[in-house]
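Structure at a glance
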Amino acid sequence: VQLQASGGGLVQAGGSLRLSCAASGRTFYAMGWFRQAPGKERVFVAAISPTGVRTVYTDSVKGRFSISRDNTKNTVYLQMNSPKAEDTAVYYCAAGSTIGRAPDAYYGWGQGTQVTVSS
């Protein structure tokens, strides 16, 4: 699978931003979003099941971020509402067989898109 993440940029705290991840090849995967801040490990943000029925989030983004997918477009989205300065990071999308919070649950990764939240 090949993944292409996009939509990052500079956003003000309290604003909104939507990230997209377009997949090619076989596309019926569980999909996840991870993020990595400078000098820190890559951490889980959100994931969605292949059908979109099940979603999971890390506690710090619950109620603010929303993951969704459009399987007709082979695209997964991460809607970021009310972002905070601590959400600043490079965001990566990933594909796997099942939903997981650990990076090693996924075997296909996009190139990352930078999100910078100004306070």
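Everything here concerns the structure above.
The text that follows walks through the structure, step by step, so that each part is easy to find. Numbers given for residues are sequential positions, taken from 1 along each chain in its written order. It should be noted that, the model being predicted, local features are given only for residues of pLDDT at least 70 and side-chain atom pairs only at 80 or more, the latter also being counted only at that level, while totals for whole chains, interfaces and linings use all residues. By convention in this description, side-chain values take in all heavy atoms of the structure and omit both hydrogens and water.

Remarks on the state of the cysteines
The term disulfide refers to a covalent linkage connecting the sulfur atoms of a pair of cysteines. For the record, the criterion: Only a pair of cysteine sulfur atoms within 2.5 Å counts as a disulfide in this structure description. Secondary structure elements are taken from DSSP: a helix is a run of H or I of four residues or more, a strand is a run of E of two residues or more, and numbering for both begins at the N terminus.
For the structure on display, the rule yields 1 disulfide. Between the sulfur of C21 and that of C93 lies a disulfide, 2.1 Å long from S to S. Taking the torsion about the S-S bond as the criterion, the C21 to C93 disulfide, at about 65°, is right-handed. Residue C21 is located in strand β3 (residues 16-24), and its partner C93 is located in strand β9 (residues 89-96); the two are separated by 72 residues in the primary sequence.

Thoughts on the sheet that holds strand β7 (residues 65-70)
Threshold: In this description, strands pair whenever DSSP reports at least two bridges between them. Orientation is described by axes fitted as lines to C-alpha atoms, over the contacting stretch for helices, and by angles from 0 to 180 degrees between their N-to-C directions.
Pairing is antiparallel across the open sheet formed by 4 strands, whose spatial order is β1-β3-β8-β7. Only two strands of the sheet have a single partner each, and these edge strands are β1 (2-6) and β7. Across the sheet, the mean angle separating the axes of adjacent strands is 15° when strand polarity is ignored. In terms of strand pairing, β3 meets strand β8 (residues 75-81) through 7 bridges, oriented antiparallel. Each bridged residue has a counterpart across the sheet, and for S16 the counterpart in β8 is N81.

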